[in-house]
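If you want the building blocks of each chain, they are given just below.
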Amino acid sequence: MNKQNKPVRYSVLFVCMGNICRSPTADGVFRQKVADHGLTNQVHVDSAGTHNYHPASPPDARSQAAAAKRGYDLSALRARQVTEADYTNFDLILAMDWDNLALLQDDCPAEHQHKLRRLTEFCQHSDSPVVPDPYYGGGQGFETVLDLVEDACEGLLAHVRHQV
C-alpha cells in the first residue's frame, strides 16, 4: 500500500552485498526516476544486501556524496539484509553482480526464481555485465556505479512502465 492506501502495482528490490554502496545508489536513482515520471503511487522501490554487515546503517558517505552531486538524496535509506518475505513481496529483484545473483538464487524459492535478474540487463548504452563494487577503491568507482545505475534505471523504467 502507498500513502493513499492504494495497492502498489509493481515493486523492485535492488541487491548488493552490504546494502551501503551499489544497491542504495540504485534505490535512490530509480526512486527519483519513478517520482519524476509520476509513478510513486504505483511503484515501490527498496534495496537490501545479501549479507548483514551494516544493519540500519546509512549508505556509505562516498556513495551519498557522489549521488548528491547528481541530484540524488540517499540520506534516508538504511541498510538491511534480504529476507525470505522479499522473494514473495517483490516483483523484480535485481542483483548488482554475478556473486550476489548466485546468493539470491541459492536462497530463493523455486516459484520466485523468475524474479531474479541483474540490474545491468536493463542498460541501454553500457555492455558491462555487472555494477562493480566501489567500496575498496577510489572516488571514480562511485562515479562508475552512478553511470551504470543511471543507464540501467532508464531501461528499467521503460520495463516497469509496461507493468503498471
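Bear in mind that the values here come from a model prediction, so they are computed numbers and not experimental data.

Peer 1: It is not clear to me how helix H4 (residues 98-107) should be interpreted in this structure. Could you clarify?
Peer 2: Residue pairs spaced three or four apart in an α-helix point in one direction, given the helix's 3.6 residues per turn. Those residues of H4 that sit buried are Asn100, Leu101 and Leu104. All buried residues of H4 lie within an arc of 105° about the axis, which places them on one face of the element. Among the exposed residues of H4, those pointing more than 90 degrees away from its buried face are Asp99 and Asp106. On its buried side, H4 packs onto strand E1 (10-16), helix H1 (22-36), helix H3 (84-89), strand E3 (92-95) and strand E4 (116-118). The N-capping residue of H4, defined by a side-chain oxygen 3.3 Å from the backbone nitrogen of Asp99, is Asp97.

Peer 1: What am I meant to see in the packing of helix H2 (residues 61-69) against helix H5 (residues 139-161) here?
Peer 2: Axis angle and axis distance: for two packed helices, these are the angle between their axes and the distance between the axes, and together they describe the pair. Following both chains from N to C, one finds H2 and H5 inclined at 55°, their axes separated by 9 Å at the closest point. In terms of axis orientation, H2 runs oblique to H5. Our pair here, H2 against H5, has a crossing hand that is right-handed. Note on element contacts: H5 touches H2 through Phe142, Glu143 and Leu146, opposite Arg62, Ser63, Ala66, Ala67 and Lys69. Per-class residue counts for the contact of H2 with H5 are four nonpolar, one polar and three charged.

Peer 1: Mind showing me how you'd approach the packing of aromatic side chains here?
Peer 2: Two numbers describe a pair of aromatic rings. These are the distance of the centres and the angle of the planes. For the structure on display, the rule yields two aromatic pairs. Relative to Phe30, the ring of Phe14 has its centre 5.8 Å away and its plane inclined at 70°; by these criteria the two rings are edge-to-face. Residue Phe14 is found in strand E1, and its partner Phe30 is found in helix H1; the two are separated by 16 residues along the sequence. Ring centres 4.8 Å apart and planes at 90° place the aromatic pair Tyr135 and Tyr136 in the edge-to-face group. When the ring centre of Tyr135 is taken as origin, the NZ or CZ atom of Arg62, which lies over that ring, is 5.3 Å away.

Peer 1: For this particular structure, what's the right way to read H1?
Peer 2: The first and last C-alpha atoms of H1 sit 21 Å apart over 15 residues, in line with the 21 Å expected at 1.5 Å per residue. For H1, the tally of buried residues reaches eleven of 15 residues, placing the bulk of the element in the interior. The inward-facing, buried residues of H1 contact E1, strand E2 (43-49), H2, H4 and H5. Gly38 occupies a position one or two residues after H1 and carries a positive phi of about 70°.

Peer 1: Hey, could you run me through the nonpolar core in this one?
Peer 2: Among soluble globular proteins, nonpolar side chains are generally buried collectively. Membership of the largest hydrophobic core comes to 37 residues, with the highest contact counts inside it found for Val12, Phe14, Phe30, Leu119 and Leu156. Mapped onto this core, the elements with two or more residues apiece are E1, H1, E2, H2, E3 and H5. Looking at this core element by element, the count peaks at ten residues for H5. Here Leu119 is in contact with Phe14, Ala26, Leu94, Ala95, Met96, Val131, Val149, Ala152 and Leu156, once residues within four sequence places are set aside. Counting residues in hydrophobic clusters, the runner-up holds twelve residues, among them Leu13, Val82, Tyr87 and Leu101.

Peer 1: Before we go on, may I ask you to explain the layout of surface pockets in this structure?
Peer 2: A probe matching the size of a water molecule, rolled over the atoms, marks out where space remains unfilled. Reported here for the second largest pocket is a volume of approximately 160 Å³. Taken together, Cys16, Met17, Gly18, Asn19, Ile20, Cys21, Arg22, Tyr53, His54, Asp133, Tyr135 and Tyr136 make up the lining of the second largest pocket. A breakdown of the residues in the lining of the second largest pocket according to their chemical character gives seven nonpolar, three polar and two charged.

Rules used throughout
- Residues numbered from 1 in each chain as written.
- Predicted model: local features only at pLDDT ≥ 70, side-chain atom pairs only at ≥ 80, totals over all residues.
- Heavy atoms only, no water.
- Buried < 20%, exposed > 50% of the residue type's maximum accessible area, 1.4 Å probe, protein only.
- Helix = DSSP H or I, 4+ residues; strand = E, 2+ residues; numbered from the N terminus.
- Arc of directions from axis to C-beta.
- Contact = heavy atoms within 4.5 Å.
- Polar contact = N/O pair within 3.5 Å; in protein donor to acceptor, adjacent residues only side chain to side chain.
- Axes fitted to C-alpha atoms, helices over the stretch in contact; angles between N-to-C directions.
- Parallel < 35°, antiparallel > 145°, perpendicular 65-115°, else oblique.
- Left-handed = near helix turned anticlockwise from the far one by under 90°.
- Nonpolar A, V, L, I, M, F, W, Y, C, P; charged D, E, K, R; others polar.
- Phe/Tyr/Trp six-rings, centres within 6.5 Å; stacked < 30°, edge-to-face > 60°.
- Lys NZ or Arg CZ within 6 Å of the ring centre and 35° of its normal.
- Expected span 1.5 Å × (residues − 1).
- Core = buried A, V, L, I, M, F, W, Y, C linked by side-chain atoms within 4.5 Å.
- 1 Å grid on protein atoms, 1.4 Å probe; cavity = no way out; pocket = protein on both sides within 12 Å on 5 of 7 lines; lining within 4 Å.
- Points joined across faces, edges and corners; volume = space filled by probe spheres on them.

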